[in-house]
Amino acid sequence: MKTVSLKDVVSQMEGNIVSDMDGEKVMLSIQNGKYYNLGDIGGEIWDGMKEPIAIQQLISTLVSQYDVDESVCEEQVIYFINLLYAEGLINLIDELAS
């Protein structure tokens, strides 16, 4: 399976029902019938992917909103995006040609 890189562009896959439960986002995948608890920050990441966005840009936005070290944020965002990708919940586009 492909490894996610900072320059990759990600976006939400169609066909997921997302709602807020006590401040955390939960999602039902219509495709596989599974429920996912995205949590608080996971929900922020999910919302950030409504439109195609470079992973690096997503991380920069989170670092500016939260008191988090960029390298820690980078590691955790990439881990989370890899999980979403493995479950078929997001589109992953290789680095955009400049």
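Quick caveat, the model's predicted, so the values are computed rather than measured. (Residues numbered from 1 in each chain as written. Predicted model: local features only at pLDDT ≥ 70, side-chain atom pairs only at ≥ 80, totals over all residues. Heavy atoms only, no water.)

1. Points about the nonpolar core
Phase 1 of the analysis: With 22 residues, the main nonpolar core has Val10, Trp46, Met49, Ile55, Val77, Ile81 and Leu84 as its most contacted residues.
Phase 2 of the analysis: For this core, the elements supplying multiple residues, two or more each, are β4 (35–38), α1 (39–48), α2 (55–65), α3 (70–86) and β6 (90–93).
Phase 3 of the analysis: Per-element tally for this core: the top contributor is α3, with 6 residues.
Phase 4 of the analysis: Once residues lying within four places of it in the same chain are set aside, the contact partners of Val10 are Met49, Glu51, Pro52, Ile53, Ile55, Leu58, Ile81, Ile90, Asn91 and Leu92. (Core = buried A, V, L, I, M, F, W, Y, C linked by side-chain atoms within 4.5 Å. Buried < 20%, exposed > 50% of the residue type's maximum accessible area, 1.4 Å probe, protein only. Helix = DSSP H or I, 4+ residues; strand = E, 2+ residues; numbered from the N terminus. Contact = heavy atoms within 4.5 Å.)

2. So, α2
Phase 1 of the analysis: The complete set of buried residues in α2 reads Ile55, Leu58, Ile59 and Leu62. Looking straight down α2, one finds its buried side chains confined to an arc of 95°; they lie on one side.
Phase 2 of the analysis: Each element contacted by the buried residues of α2 is listed here: β1 (9–12), α1, β5 (53–54) and α3. (Arc of directions from axis to C-beta.)

3. Some thoughts on the side chain of Asn16
Phase 1 of the analysis: Relative to the assigned elements, Asn16 resides in strand β2 (residues 16–21).
Phase 2 of the analysis: In this structure the side chain of Asn16 is engaged in a polar contact, spanning 3.1 Å, whose partner is the backbone oxygen of Met13. (Polar contact = N/O pair within 3.5 Å; in protein donor to acceptor, adjacent residues only side chain to side chain.)

4. Description of the sheet that holds β6
Phase 1 of the analysis: An order of β5-β1-β6 is seen for the 3 strands of this open sheet, with the pairing classed as antiparallel. Among the strands making up the open sheet, the edge pair consists of β5 and β6. (Pairing = 2+ DSSP bridges.)

5. So, the pattern of salt bridges
Phase 1 of the analysis: By the definition in use, this model includes 4 salt bridges.
Phase 2 of the analysis: As a salt-bridge pair, Lys25 and Asp20 come within 3.3 Å of each other at their nearest N and O atoms.
Phase 3 of the analysis: The shortest N-O distance in the salt bridge between Asp47 and Lys50 comes to 3.9 Å.
Phase 4 of the analysis: Classification of Asp47 by relative accessible area gives partly exposed; the value is 30%.
Phase 5 of the analysis: Residue Lys50 is classed as exposed on the basis of its relative accessible area of 57%.
Phase 6 of the analysis: Members of the salt-bridge network, linked through shared partners, are Asp20, Lys25, Asp47 and Lys50. (Salt bridge = Lys/Arg side-chain N within 4 Å of Asp/Glu carboxyl O.)

6. Thoughts on the packing of α2 against α3
Phase 1 of the analysis: Where α2 contacts α3, the axes come no closer than 10 Å and their chain directions differ by 130°. Taken together, the axis directions place α2 and α3 in an arrangement best described as oblique. Here α2 and α3 pass one another in a crossing that is right-handed. Of the residues in α3, those in contact with Ile55, Gln56, Leu58, Ile59, Leu62 and Val63 of α2 are Glu70, Cys73, Glu74, Val77, Ile78 and Ile81. (Axes fitted to C-alpha atoms, helices over the stretch in contact; angles between N-to-C directions. Parallel < 35°, antiparallel > 145°, perpendicular 65-115°, else oblique. Left-handed = near helix turned anticlockwise from the far one by under 90°.)

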